[in-house]
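Fold and geometry: a report
Below, each chain spelled out in residue letters.
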Amino acid sequence: KENERGEVIKYDVKPYTAWVKGNYSFDGVALEYILETLARCYDAEVVFISPEARKLSVSGYMKPYDNIDYILSAITEVTGVTFKIEGRKISVSL
C-alpha cells in the first residue's frame, strides 16, 4: 500500500489472516482480548482476579490445541500471570 507521498508501506498481515488457517496471532494486544478470544473458542469463562492483568500487552502466534492448558502455559511464560481452571471457569492472577 502507498501513503499520500507515494511511499510503499509494508504491513504484517499475519495477525489479520492467521484465523483463516485456524491459528491465533496477536501483536501487542491486551491479555483481556486474547483471553476473550480463547474463551469463545474453548467455551470457557474468564475471571480476572488481578484487574491489572487485563491490560498486559502480549504478542505471539499460536496454533489451536485440544487442551487449552498448553496455550495458557505459554501465556504464563511470557507474562507471569497464573491461571486456575475450575470446570469452564479460568481465573487469572498476577
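Described in the following lines is the structure provided in the data block. (Residues numbered from 1 in each chain as written. Predicted model: local features only at pLDDT ≥ 70, side-chain atom pairs only at ≥ 80, totals over all residues. Heavy atoms only, no water.)

1. As for the pattern of salt bridges
Cut-off, in case you're wondering: A pairing counts as a salt bridge when a side-chain nitrogen of Lys or Arg comes within 4 Å of a carboxyl oxygen of Asp or Glu. Starting at the N terminus, helices and strands are each numbered in turn, a helix being any DSSP run of H or I of at least four residues and a strand any DSSP run of E of at least two. Classification of residues uses two cut-offs on accessible area relative to the type maximum, computed with a 1.4 Å probe and protein chains only: under 20% is buried, over 50% is exposed, and between them is partly exposed.
Summed over all chains, the structure comprises four salt bridges. In this structure, Arg-88 and Asp-43 form a salt bridge, with 3.4 Å as the shortest nitrogen-oxygen distance. Separated by 45 residues along the polypeptide, Arg-88 in the loop between strand S4 (82-86) and strand S5 (89-93) and Asp-43 in the loop between helix H2 (31-42) and strand S2 (45-48) bring together distant segments of the chain. When its relative accessible area of 53% is taken as the criterion, Arg-88 is described as exposed. Each of Glu-32, Arg-54 and Lys-55 takes part in a single network of salt bridges with overlapping partners.

2. Notes on the environment of Lys-63
What counts is decided by this rule: Contacts between residues were defined by any pair of non-hydrogen atoms, one from each residue, lying within 4.5 Å.
For Lys-63, the position within the fold is in the loop between strand S3 (57-62) and helix H3 (68-79). Here the alpha-carbon distance between Lys-63 and Tyr-24, two residues 39 residues apart in the chain, equals 6.2 Å. With near-sequence residues (within four places) excluded, Lys-63 lies in contact with Asn-23 and Ile-71.

3. Brief notes about the environment of Pro-64
On the secondary structure map, Pro-64 appears in the loop between S3 and H3. Once the C-alpha coordinates of Pro-64 and Cys-41 are considered, the two residues, 23 residues apart in sequence, prove to be 9.1 Å apart.

So, to be careful, I would describe these as geometric facts and stop short of saying anything about function.
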